[in-house]
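# Chains, contacts and geometry: an overview
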Amino acid sequence: MPPPRPRRPAERRKVSWEAVAGVTAVVGLVATIVFSVLQLTTADSPEAAPPPDERLELVEAEFAGESTAVTVLEEVPPDGRPSVSPYPEVSAAADAASRPALHLLVTLRNPTEETAVLTGVKLVVHEALQAPVCGRPSGGIVRASVNYSFRFPTDLAGSWSRTNPQNFAVAPRDVDALSVTMGPELSANVLTVWRFSVYGVSKGGREALWAHGVATEFATTDEEPYTGYIWPQPRERGEQDRIRTCAADAEQRLRRLAEAAGPDAVTHPGFTALLGAYRTLAAR
């Protein structure tokens, strides 16, 4: 009886591993193709790309050179409280008085092929202070409630924030601008200056910073009216030293406010004129 032929397990193992390797390679190839298709589908999916609203590009944010009329809602006596709520902005009567104000003009570009719709504008007022009157102190005064887009309280204990709904559409491949007015809830003959930030809000609720800035209430950009505000008529010669000291201190306070806003801050022209008036009086 001839001896049995020896088994060759090594060959079978080799063939077996080659088959597994071949199957693995096929599975890997299929997985790669499927993953690539998924990646392509995901990249082309509308949900993957940010909506056109979030792709709006800021062209410029600057205070306009021309003033706009802002309606006076009501006059508030000394120690009185306004009866008109500042939230949200209300429609005033057609025959109501008005005041000039410089508005912040925000220009936006839509680089997409879809209409972009902005749903909100957010204002943050970081700090507000009253610009000192260095001459005679003011007595009891009538204050006005003014119909700005954003009205903030002057007695801020910290940052104040408000988001106003906005329906602002920018056509595909187009540029458009919207305007924002801002100011204290109550305005009087004592100027308020403030440091702020303004944001655009998209449909998804995401916020895009447009600008940091500093501003004041007066629409005029000439220095002389601010000089008259700081040192009202009639002026007494004996108070020059006090005026000089007061103006120098106020100039430093305004400078610190502007420095906190940063080197690229949007600056209200009236703020620049007020700062110049303090500087002029401090150097007399």
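The coordinates are above.
In this report, we go over the structure that sits alongside the text. (Residues numbered from 1 in each chain as written. Predicted model: local features only at pLDDT ≥ 70, side-chain atom pairs only at ≥ 80, totals over all residues. Heavy atoms only, no water.)

## Remarks on empty space enclosed by the protein
- Under the counting rule described, the total for this entry stands at three cavities of 30 Å³ or more.
- Empty space within the largest cavity amounts to approximately 60 Å³.
- In terms of lining, the largest cavity is formed by Phe63, Ala101, Leu102, Tyr148, Thr181, Met182, Trp194, Ala215, Thr216, Glu217 and His268.
- Broken down by secondary-structure element, the contributors of at least two residues to the lining of the largest cavity are β2 (98-110) and β11 (207-216).
- Taken as a whole, the second largest cavity encloses approximately 40 Å³ of empty space.
- Lining the second largest cavity we find Trp231, Gln240, Ile243, Arg244, Leu281 and Arg284. (1 Å grid on protein atoms, 1.4 Å probe; cavity = no way out; pocket = protein on both sides within 12 Å on 5 of 7 lines; lining within 4 Å. Points joined across faces, edges and corners; volume = space filled by probe spheres on them. Helix = DSSP H or I, 4+ residues; strand = E, 2+ residues; numbered from the N terminus.)

## Some points on the state of the cysteines
- Inspection of the entire model under this criterion finds one disulfide.
- Residue Cys134 pairs covalently with Cys246 via a disulfide, S to S 2.0 Å. On the sign convention where negative is left-handed, the bridge of Cys134 and Cys246, at about -75 degrees about the S-S bond, is left-handed. One end of the pair, Cys134, is in the loop between β3 (116-130) and β4 (143-146); the other, Cys246, is in helix α3 (residues 240-261), with 112 residues separating them in the sequence.
- Cys134 gets classed as buried once you look at its relative accessible area, which sits at 2%. (Disulfide = S-S within 2.5 Å. Buried < 20%, exposed > 50% of the residue type's maximum accessible area, 1.4 Å probe, protein only.)

## Concerning the sheet that holds strand β6 (residues 160-170)
- The strand order across the open sheet formed by five strands is β6-β3-β10-β11-β12, and the pairing between neighbours is mixed. Looking at strand neighbours, the two that pair on one side only are β6 and β12 (266-267), the edges of this open sheet.
- With 10 bridges connecting them, β3 and strand β10 (residues 192-201) associate as antiparallel partners. Of the residues in β10, the one forming a bridge with Leu123 is Val198.
- Most of the contacts of helix α4 (residues 269-282) go to β11, to which it runs at about 35 degrees, and overall it touches β10, β11 and β12. (Pairing = 2+ DSSP bridges. Contact = heavy atoms within 4.5 Å. Axes fitted to C-alpha atoms, helices over the stretch in contact; angles between N-to-C directions.)

## As for the side chain of Thr107
- Relative to the assigned elements, Thr107 resides in strand β2.
- For Thr107, the residues in contact, after removing those within four places along its chain, are Glu57, Leu58, Val59, Glu60, Val175, Asp176 and Ala177.

## Some remarks on α3
- The end-to-end C-alpha separation of α3 is 32 Å, in line with the 32 Å expected for 22 residues at 1.5 Å each.
- Residues of α3 that are buried: Ile243, Ala247, Ala250, Glu251, Leu254, Leu257 and Ala261. Angularly, the buried residues of α3 cover 125 degrees about the axis, an arc narrow enough to put them on a single face. Turned more than 90 degrees off the buried face of α3, the exposed positions are Asp241, Thr245, Arg256 and Glu259.
- In this structure, the buried residues of α3 make contact with β3, β10, β11 and α4.
- Gly262 sits one or two residues past α3 and shows a positive phi near 100 degrees. (Expected span 1.5 Å × (residues − 1). Arc of directions from axis to C-beta.)

## Considerations on the nonpolar core
- In this structure, Leu104 and Phe196 are the most contacted members of the largest nonpolar core, which totals 28 residues.
- Taken together, the elements giving at least two residues each to this core come down to β1 (57-76), β2, β3, β5 (150-152), β6, β7 (174-180), β10 and β11.
- One finds Leu129, Tyr229, Leu254 and Leu275 within the second-largest nonpolar core, a separate group that totals 26 residues. (Core = buried A, V, L, I, M, F, W, Y, C linked by side-chain atoms within 4.5 Å.)

## Some remarks on the layout of surface pockets
- Taken as a whole, the largest pocket encloses approximately 460 Å³ of empty space.
- The wall of the largest pocket is formed by 19 residues, among which Gly80, Arg143, Thr154, Asp155 and Leu186 lie closest to the centre.
- Class assignment for the residues of the lining of the largest pocket results in eight nonpolar, five polar and six charged.
- Reported here for the second largest pocket is a volume of approximately 170 Å³.
- As for the second largest pocket, its lining consists of 15 residues, of which Asp53, Glu54, Leu56, Ala208 and Trp210 are closest to the centre.
- For the lining of the second largest pocket, the elements supplying multiple residues, two or more each, are β1, β10 and β11. (Nonpolar A, V, L, I, M, F, W, Y, C, P; charged D, E, K, R; others polar.)

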